[in-house]
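Structural overview
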Amino acid sequence: MKKVVKHITIIMLVCILTVTGCGRSSSVDSFVEETDYQYQYVYGGGMGGYIARAKDTMYFKIGSYIYQMDEQTKILMPLCNKPNCLHDKETDDERIEECYAYFIENHGTSASGPEGAGFAYMNGYIYYVTEKWEDGEPHSYSILYKIAKDGSQREKVYQWDGLIYNWVMHRNVMYYIEHTFDESGKEEYAVKEMNLAGVGKLKPEIFYKPDPEEKITSVSYSGVYGNHLYMEEFVGGYEECTIKTLQYNLQDKTLTEIQIPNQSDTEYVSCVTFWKNRIVYHVFDMEKDGQYDATEDVYIADLDGTNAEILLKDIPMYYQFYSDGNYLYVSNCRECEIKIYDSLEYQNNMNNLENMKWDFKLHVDVYNQDMELVDSVEPPFHDFPYEPDYGIGDRVYVKIEDESGDGVSIQYWDKTKIGTYHGDEYKLTKLCDQTYSYLDKKIRKNEYLRKK
Ligand SMILES: [Zn+2]
């Protein structure tokens, strides 16, 4: 009897630990690095990023392969520890897919190409979604794969009947948008969640289905943080489009629209960033669209959208906000990009863009936790406006393509030097080089022929 009691006590203890342990870690309204959506890396969000971090290991997608880099040793290696695998040096087309580090894609048919889709890190695995296009069929579908973080294993996790878009991973759940066409050819969107930690067959569930009568043109994610997922919904046709930012509460499964007090019909909330366990966002006024000198107020609110207040007044309307949790970055990169796209030079030289020189000056203001402006920096990207991922920790990593076009180098900006620039350009430090794989060199030269 004593023995039984002891067992029951242990079982109960395990249950309590499991319940409180998981309950607590999965419900905090703050960023948890190992399990959460890494908003610091995913510029634009939605199809995975090209950089992710797991403790001291960085993951990069370079061409068609995923690499891991220990931050201390600075050695870049394909994410595959299969013995006898040539990894990125494999020249046999039949064997290329066998390497775990290879990002399975159907080159030659995939619209996205080798740099198109990204990946995400969550709880010990790198996840990515790839598209498969059947030969001679209009039918295409998405597949989810995962690779163990040490490259010891690769697994096909799920296969859809059609294509999915805009997926994110957060706390063992995958959130994604399914875009389908009904028999009359009418497009439909469904936003779904799929628990990847459950036992048995994975079961996607719809948590939001936009009203097809409203002519939704698309739905996209802005990110996930704590118990909240944010998405932007484009309502109406392409001509008269309005945008709504919706917040889905992952705990009580409710959906609300993020709005400012007295929001007008032409205003909409956009570009949610996470800052001090709250959200920062722009209020964009469509009436001012195209006016480069127009300004807007930037708001901060609780994660559910309540208690909205002005954070910064009169910020140029195309400036963007980014956060790495430590600093808030206010960047003019998007504005430079828009000005280039709108320019006559751009429109008249669409076929010769590589040789064009653009006139722009990048600028980023950096705010600390107390919203003091602690520095202004000039990012060292001169060919075309480029916004790096600000990243977790002290480094902003970037991939810089070699002049020869044969590979890339991994470089970083040391953020511990923030406070010393006073408007000057920051320098990148080179960590390592990586030549493109055999396959990627062929893809770049348009020599890769699709397998029959
Ligand atoms: Zn390999």
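All residue numbers refer to positions counted from 1 along the written sequence of the respective chain. Given that the model is predicted, a residue must reach a pLDDT of at least 70 before its local features are reported, and side-chain atom pairs must reach 80 or more before they are shown or counted; all residues, however, enter totals for whole chains, interfaces and linings.

**Topic: the pairing of strand 15 (residues 242-249)**
Note the cut-off: In this description, strands pair whenever DSSP reports at least two bridges between them. Counting from the N terminus, the helices are DSSP H or I runs at least four residues long and the strands are E runs at least two residues long.
Pairing of strand 14 (residues 228-235) with strand 15, which is carried by eight bridges, proceeds in the antiparallel orientation. Looking across to strand 15, one finds that Met-231 is bridged to Leu-246. The sheet contact formed by strand 15 and strand 16 (residues 255-257) spans three bridges and is antiparallel. Opposite Tyr-248, over in strand 16, you have Leu-255 as the bridge partner.

**Points about the environment of Arg-154**
As for its position among the elements, Arg-154 is in strand 8 (residues 154-159). In the structure, Arg-154 is positioned 74 residues away from Cys-80 in sequence and 8.8 Å away in space, judged by C-alpha atoms.

**Concerning the nonpolar core**
Heads up, the rule is: For the purposes of this analysis, a nonpolar core is taken to be any set of buried Ala, Val, Leu, Ile, Met, Phe, Trp, Tyr and Cys residues that are connected through C-beta atoms within 7 Å. Neighbour density around each residue's C-beta defines its exposure: 20 or more other C-beta atoms within 10 Å make it buried, 12 or fewer make it exposed, and counts between make it partly exposed, where C-beta atoms are placed from the backbone.
Of all hydrophobic cores here, the largest spans 92 residues; its most connected members are Tyr-59, Phe-60, Ile-66, Leu-79, Ala-101, Ile-126 and Tyr-127. At six residues, the largest contribution of residues to this core is made by strand 17 (residues 267-275).

**A short note on the sheet that holds strand 10 (residues 173-181)**
Rule in force here: In this description, a line fitted to the C-alpha atoms serves as the axis of each element, helices being fitted only across the stretch in contact, and the angle between N-to-C directions of two axes falls anywhere from 0 to 180 degrees.
Strand order in the open sheet made by the four strands is 9-10-11-12, with antiparallel pairing throughout. Each edge of the open sheet is held by one strand with a lone partner, namely strand 9 (164-170) and strand 12 (205-208). On average, adjacent strands in this sheet sit at an angle of 30 degrees to one another, irrespective of strand direction.

**Notes on unusual backbone geometry**
Phi is positive for Lys-74, which is not a glycine, with a value near 60 degrees. In this fold, Lys-74 is placed in the loop between strand 3 (65-70) and strand 4 (76-78). Judged by local crowding, Lys-74 falls into the exposed class, with 12 C-beta atoms found within 10 Å. For Asn-166, which is not glycine, the phi torsion reads 45 degrees and is therefore positive. With respect to the secondary-structure elements, Asn-166 resides in strand 9.

**With respect to the environment of Tyr-125**
Under the convention used in this document: In this description, a residue-residue contact is defined by the distance between C-beta atoms placed from the backbone, which must lie within 7 Å.
Along the chain, Tyr-125 turns up in strand 6 (residues 125-133). In this structure, the C-alpha to C-alpha distance between Tyr-125 and Glu-34, residues 91 residues apart in sequence, is 10.0 Å. Not counting residues up to four positions away in its chain, the partners in contact with Tyr-125 are Lys-146, Ile-147, Ala-148 and Lys-149.

**With respect to the confidence of the model for the protein chain**
Threshold: Residue-level confidence of the predictor is what pLDDT reports, using numbers from 0 through 100.
Looking at the protein chain, pLDDT values average 86 and 88% of them are 70 or higher. Across residues 1-25, confidence stays below pLDDT 50; counting only partners more than four residues off in sequence or on other chains, it has one contact. Taken together, the stretch residues 108-114 has pLDDT below 50 and engages in 17 contacts with residues farther than four places along the chain or on a different chain.

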